[in-house]
Amino acid sequence: MCNVIKAQTVPVRVNLSTIGKDTVAGATIQLYSWPDSTLLQTIISKPINTLHVRANSTYRIYIVAVGYEEQYKTITAGSRPINVSFVLRSSFGKLNDVTVTATKPLMRQEDDKTLVDAEQLATTSTNAYEVLEKVPGVVLDQDGNVYLNSSAPAAIYINGVQQHMSTDDIAALLKSLPAGSVSRIEIIRTPSARYDAANNGGIVNIVLKKGVQVGTSGSANVRIDQGVYNNTTAGITLNRSVGKMRSYLSYQYTRRHYFDDIQSTRIIKADTLLMQRSLTKYAPVTNYASGGIGVAFSNKFDLSYDVRVTATHNTNFASTYNTISNTQDAFFETQSPINSGGNSLVLNNTVFAKYKIDSAGSEWDNELDYVYSHNTNMQTYTQQQVLPQGLLLYGNGNTNSKANAVSFKSDLSLRMKHDYVLETGLKFSSAANDNMALYYQQTGQVKQLDSFKTNTFNYDENIGSAYTQLSKLYHGYTFKAGLRLEYTDISGHQTVPVGIPFSIKRTDLFPYLYIKKNLFSVFGYPLVGNVVLRRSITRPGYEQLNPSPQFVDQFTYNSGNPHLQPQFTTNYEVNATYNDFPVFAIGINRTKDVFSMVTYQNDTSKIAFRTYDNLGSYREIYWRLFGGVPGGHKYFMYAGVQFNYVHYTGQYNNAPLDYSRASWTFFTGHQFKATPTLSFNLNGWMLVNGFRLFNELKTMGQLNLSATKNLMHKKLSIIVSGNDLLHTNKSIFRIQQQGITVDGTRLQDSRRCGITIRYNFGINHTEEKKPAFTPPPVENTENN
């Protein structure tokens with residue numbers, strides 16, 4: 001007997017035929033829940049074949065028949081019966097080859113989560129960062145921040161684990177990962193109670209591939225690209241699966257060389273301007289290695305261990321120029337060359353266990369993570385007064401920071417009678433950071449401690465949480481309600497140069513409500529409406545709280561604010577999907593105790609310092625419209641527009657704040673398959689009247705083009721690509737708040753052309769060789 005789904009079901013009729021329109025009997029039809037790949041039902045085909053599925057759920061149907069190529073289709077059940085047809089093609093004796101003839105969607109919606117098939121994007125991408133750039137509706141700025149809905153950036157997860165690194169470090173990590181290492185990308189714009197509450201801008205979860213294919217397989221890649229400077233990367237990935245055991249090993253070498261050029265003009269007083277330029281050249285070399293092993297002890301229990309190591313050697317060369325002038329001439333000028341070099345090491349360890357409780361999809365997941373990071377940096381600089389010629393100051397120093405973070409989470413999902421689904425779990429995370437900076441300065445022959453830059457700072461963060469949420473299908477509506485409790489214990493202490501302790505201890509509740517309803521059908525495909533209400537928190541992090549000043553030049557420095565308080569956001573959103581493709585959304589974010597990067601100026605010294613401050617509250621209204629031409633044919637495209645309006649009220653630099661800004665984001669992507677082995681990909685975005693942390697931006701954007709040629713039965717891929725072809729990813733900004741007026745530009749080495757060569761190989765293990773056809777195993781429900 002086969003597994004039977006014991007609940008209110010929807011019939012699915014499966015029709016099998018050949019190209020000659022003959023009926024097919026004796027084929028094996030398998031039904032899997034998706035995406036967890038749990039086998040639910042197996043039948044041998046007859047003239048009439050009927051499966052039974054749950055309404056408003058996603059499944060995958062596989063067809064295996066002697067002499068025919070294997071096929072599958074992914075379906076999402078509504079409340080009405082479904083007809084699914086397969087046209088089987090002769091395999092011409094090549095039973096070892098598997099050909100997917102059904103259309104595999106690039107994107108599909110699973111409740112409040114959008115799943116993106118990264119393998120389709122990887123064929124025209126050179127690294128994981130480029131794969132993310134090509135996800136429809138995702139916009140990345142110059143620093144690598146990812147934006148989904150609101151003006152707040154999304155949190156980046158890898159394999160379900162949030163990456164507590166700087167934006168630059170995350171971007172560098174993704175650029176060192178080969179495109180083929182990404183299995184799928186999960187876009188969670190309105191995360192449920194299952195996820196951490198600290199995700200105001202949503203979540204982007206990048207799921208990496210692990211060894212799952214039978215036998216041994218892998219890929220090798222090499223890329224060279226050229227902008228103003230040259231970049232190179234090369235790597236290899238190996239996957240192996242034998243019996244119940246699977247493993248993988250990956251290594252990637254990346255050498256990057258690029259620049260960041262920032263120029264600005266600040267009004268010091270009515271007739272005096274400060275003109276600044278900071279040109280920094282970066283030359284990091286990164287070695288990335290990952291590996292893992294997994295064992296399926298049974299059909300129900302799976303245990304795996306994964307490790308990722310990122311070692312980077314950084315070399316930076318910066319030059320800053322400062323000129324003060326009046327309405328006629330410049331009367332003061334300085335220049336400061338700065339050389340920096342250092343090393344960083346990040347070690348990620350993950351132990352993951354999954355237990356499948358029953359065939360209906362109930363499961364229990366447990367995960368333990370440990371992350372260690374160590375960063376060292378040495379810096380030498382010179383400050384020279386050029387006009388009038390004067391003081392020559394030398395300085396040098398080093399920084400040393402270490403961080404240890406451990407987290408454990410346990411998630412239980414139970415599918416119960418009458419279509420109830422209960423999800424509950426807990427999580428605990430603890431992180432400790434230690435930072436020390438020791439600097440000296442020298443004038444002539446006199447060398448002394450630089451008390452302004454020398455500091456010691458310790459930071460600890462402990463967060464505990466528990467959640468529960470219940471979902472139910474009722475009269476065509478899917479209701480999901482949840483509640484998450486989080487306890488926050490953050491403490492820090494600056495011991496040098498002065499003792500500045502601070503702490504944040506609080507317990508908060510975060511409700512979540514989700515309602516889904518099939519509205520009506522258009523051309524046979526369902527239009528589904530969704531309503532979401534959620535509350536989230538944004539906690540200040542280590543860099544935002546650390547009061548240690550970071551020297552930029554004689555007129556500018558950065559500093560954290562140990563008195564920052566968390567901000568809370570309540571989000572209301574109504575959205576719609578068409579055939580599992582997100583097409584429309586409108587929402588409101590209401591935030592209190594909002595904190596943001598601000599620029600203040602010392603009235604006496606006129607030195608500007610960038611820091612963070614709680615400003616008051618803000619309200620954001622946004623809407624998004626999305627559409628496209630479905631994939632599966634020669635031409636696929638998507639296009640969309642997003643509107644954001646923000647309104648801040650509160651205080652900025654002890655003065656009343658009433659600020660509003662409206663911005664537009666346009667994005668599009670196109671793919672044309674000229675031949676079965678040649679395809680072209682074009683994607684881009686444009687930001688109009690943009691807004692980033694009180695920086696008002698003029699129109700900017702990026703257009704990317706690539707061509708992919710497959711050879712040797714698609715084992716060899718050659719990708720020629722060009723990024724930022726029009727060189728429009730240039731930030732022209734203005735800051736105008738409470739006595740601070742700054743106009744400037746920021747230009748990076750973003751226009752680049754390159755070539756990638758990727759070779760995929762596979763070796764079938766003799767122990768895994770099977771006869772031409774073996775009926776899939778059929779479980780017996782009498783024993784369940």
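Residues numbered from 1 in each chain as written. Predicted model: local features only at pLDDT ≥ 70, side-chain atom pairs only at ≥ 80, totals over all residues. Heavy atoms only, no water.

**A closer look at the overall build of the protein chain**
- Each helix and strand in the protein chain was counted, giving 4 helices and 46 strands.
- What you see for the protein chain is a C-alpha radius of gyration of 28 Å, in line with the 28 Å of a compact globule of 784 residues.
- Taken along its principal axes, the extent of the C-alpha atoms in the protein chain is 95 × 50 × 45 Å.
- Evaluated residue by residue, the protein chain yields a buried proportion of 49% over its 784 residues.
- Of the contacts made within the protein chain by residues no fewer than 6 positions apart, 64% connect residues no fewer than 24 positions apart.
- Between the mean site of the 73 positive side-chain charges and the mean site of the 58 negative ones, the protein chain shows a separation of 6 Å. (Helix = DSSP H or I, 4+ residues; strand = E, 2+ residues; numbered from the N terminus. Rg over C-alpha atoms; globule rule 2.2 N^0.38 Å. Buried < 20%, exposed > 50% of the residue type's maximum accessible area, 1.4 Å probe, protein only. Contact = heavy atoms within 4.5 Å. Lys, Arg positive; Asp, Glu negative; His and termini not counted. Charge placed at Lys NZ, Arg CZ, Asp CG, Glu CD.)

**Description of the confidence of the model for the protein chain**
- Residues at a pLDDT of 70 or more form 91% of the protein chain, whose mean pLDDT is 85.
- Taken element by element, the predicted model of the protein chain shows its lowest mean pLDDT in strand S32 (residues 550–553) (70) and its highest in strand S22 (residues 301–325) (94).
- This stretch, residues 92–102, has a pLDDT under 50; its non-local contacts, to residues over four places away or in other chains, come to 11 contacts. (pLDDT = per-residue confidence, 0-100.)

**Quick look at the side chain of Asn 205**
- Topologically, Asn 205 is positioned in strand S15 (residues 203–208).
- Engagement of the side chain of Asn 205 in a polar contact is seen with the backbone nitrogen of Gly 160, the distance being 2.8 Å.
- Those residues in contact with Asn 205, other than ones at most four positions away along the chain, are Tyr 157, Ile 158, Asn 159, Gly 160, Arg 184, Ile 185 and Glu 186. (Polar contact = N/O pair within 3.5 Å; in protein donor to acceptor, adjacent residues only side chain to side chain.)

**Details of the sheet that holds strand S2 (residues 28–33)**
- Taken together, the 4 strands give an open sheet; going across it, the order is S3-S2-S5-S6, and neighbouring strands pair in antiparallel fashion. Every other strand in the sheet has two partners, leaving strand S3 (38–44) and strand S6 (71–76) as the edge strands with one partner each. Averaged over all neighbouring strand pairs, the angle between strand axes comes to 20 degrees, with direction disregarded.
- Bridge count for strand S5 (residues 58–64) against S6 is 6 bridges, and the pairing is antiparallel. The residue bridging Arg 60 from the neighbouring strand is Thr 74, located in S6. (Pairing = 2+ DSSP bridges. Axes fitted to C-alpha atoms, helices over the stretch in contact; angles between N-to-C directions.)

**Some thoughts on the sheet that holds S15**
- Across the sheet, 6 strands lie side by side as S8-S9-S14-S15-S12-S13; this open sheet has mixed pairing. Edge positions in the sheet fall to strand S8 (107–110) and strand S13 (161–162), since each of these pairs with one other strand and no more.
- The pairing of strand S14 (residues 182–188) with S15 spans 6 bridges and is antiparallel. Residue pairing across strands places Glu 186 opposite Asn 205, the latter belonging to S15.

**Some words on the nonpolar core**
- One finds Leu 132, Leu 174, Ile 185 and Val 204 to be the most contacted residues of the largest nonpolar core, which totals 48 residues.
- Beyond its immediate sequence surroundings of up to four residues, Ile 185 is in contact with Thr 114, Leu 115, Val 116, Ala 118, Val 131, Leu 132, Val 135, Val 204 and Asn 205. (Core = buried A, V, L, I, M, F, W, Y, C linked by side-chain atoms within 4.5 Å.)

**Focus: the pattern of salt bridges**
- Enumeration over the complete set of coordinates arrives at 21 salt bridges.
- Across the pair Arg 746 and Asp 143 runs a salt bridge whose closest N-O atoms are separated by 2.8 Å. With Arg 746 in strand S45 (residues 740–748) and Asp 143 in the loop between strand S10 (139–140) and strand S11 (146–147), this pair connects stretches of sequence that are 603 residues apart.
- On the accessibility criterion, Arg 746 (16% relative accessible area) is buried.
- Judged by its relative accessible area of 27%, Asp 143 falls in the partly exposed class.
- The salt bridge partner of Arg 246 is Asp 302, with a shortest N-O separation of 2.7 Å. Of the two residues, Arg 246 is situated in strand S18 (residues 245–255) and Asp 302 in strand S22; the sequence distance between them amounts to 56 residues. Judged on exposure class, the residue Arg 246 and its partner Asp 302 are both buried.
- Via salt bridges that share partners, Arg 194, Lys 354, Glu 363, Asp 365, Asp 411 and Glu 423 belong to a single interconnected network. (Salt bridge = Lys/Arg side-chain N within 4 Å of Asp/Glu carboxyl O.)

**What about the packing of aromatic side chains?**
- As enumerated under the stated definition, the model contains 25 aromatic pairs in all.
- Relative to Phe 502, the ring of Phe 457 has its centre 6.1 Å away and its plane inclined at 15 degrees; by these criteria the two rings are stacked. Taken together, the positions of Phe 457 in strand S28 (residues 455–474) and Phe 502 in strand S30 (residues 500–522) put the pair 45 residues apart, joining distant regions of the chain.
- For Phe 502, a relative accessible area of 9% corresponds to the buried category.
- Ring centres of Phe 691 and Phe 694 lie 5.8 Å apart, and the angle between their planes is 75 degrees; this geometry places the pair in the edge-to-face category.
- Taking relative accessible area as the criterion, Phe 691 reaches 6% and is therefore assigned buried.
- Feature note: the residues Tyr 600, Phe 609, Tyr 618, Tyr 648, Tyr 652, Tyr 659, Phe 691 and Phe 694 constitute an aromatic cluster, connected by ring pairs.
- Across from the ring centre of Phe 86, 5.2 Å away, lies the NZ or CZ of Lys 73, which sits over that ring.
- Over the face of the ring belonging to Tyr 129 we find Lys 175, whose NZ or CZ atom lies 4.6 Å from the ring centre. (Phe/Tyr/Trp six-rings, centres within 6.5 Å; stacked < 30°, edge-to-face > 60°. Lys NZ or Arg CZ within 6 Å of the ring centre and 35° of its normal.)

**Describing the side chain of Ser 471**
- Along the chain, the position of Ser 471 falls in strand S28.
- Apart from the residues lying within four places of it in its own chain, the contact partners of Ser 471 are Asp 419, Tyr 420, Val 421, Phe 479 and Lys 480.

**Observations regarding the environment of Met 245**
- Structurally, Met 245 is set in strand S18.
- On the accessibility criterion, Met 245 (43% relative accessible area) is partly exposed.
- The spacing of Met 245 and Gly 499 is 254 residues in sequence and 54 Å in space, taken between C-alpha atoms.
- Apart from residues lying up to four places away in sequence, Met 245 is in contact with Arg 240, Ile 293, Gly 294 and Val 295.

**A closer look at the environment of Val 285**
- When you line up the elements, Val 285 lands in strand S21 (residues 285–296).
- Under the relative-accessibility criterion, Val 285 is labelled partly exposed at 23%.
- When neighbours within four sequence positions are excluded, Val 285 is seen to be in contact with Tyr 253, Thr 254, Arg 255, Ala 311, Thr 312 and His 313.

**A look at unusual backbone geometry**
- The linkage connecting Leu 387 with the following residue, Pro 388, adopts the cis geometry, with an omega of -15 degrees.
- Inspection of the secondary structure assignment puts Pro 388 in the loop between strand S24 (363–387) and strand S25 (392–415).
- At the junction of Val 496 and Pro 497, the peptide bond is cis and its omega measures out at 10 degrees in the coordinates.
- Assignment of secondary structure puts Pro 497 in the loop between strand S29 (477–496) and S30.
- Phi at His 713 takes a positive value of approximately 60 degrees, unusual for a residue other than glycine.
- Structurally, His 713 is set in the loop between strand S42 (700–711) and strand S43 (716–723).

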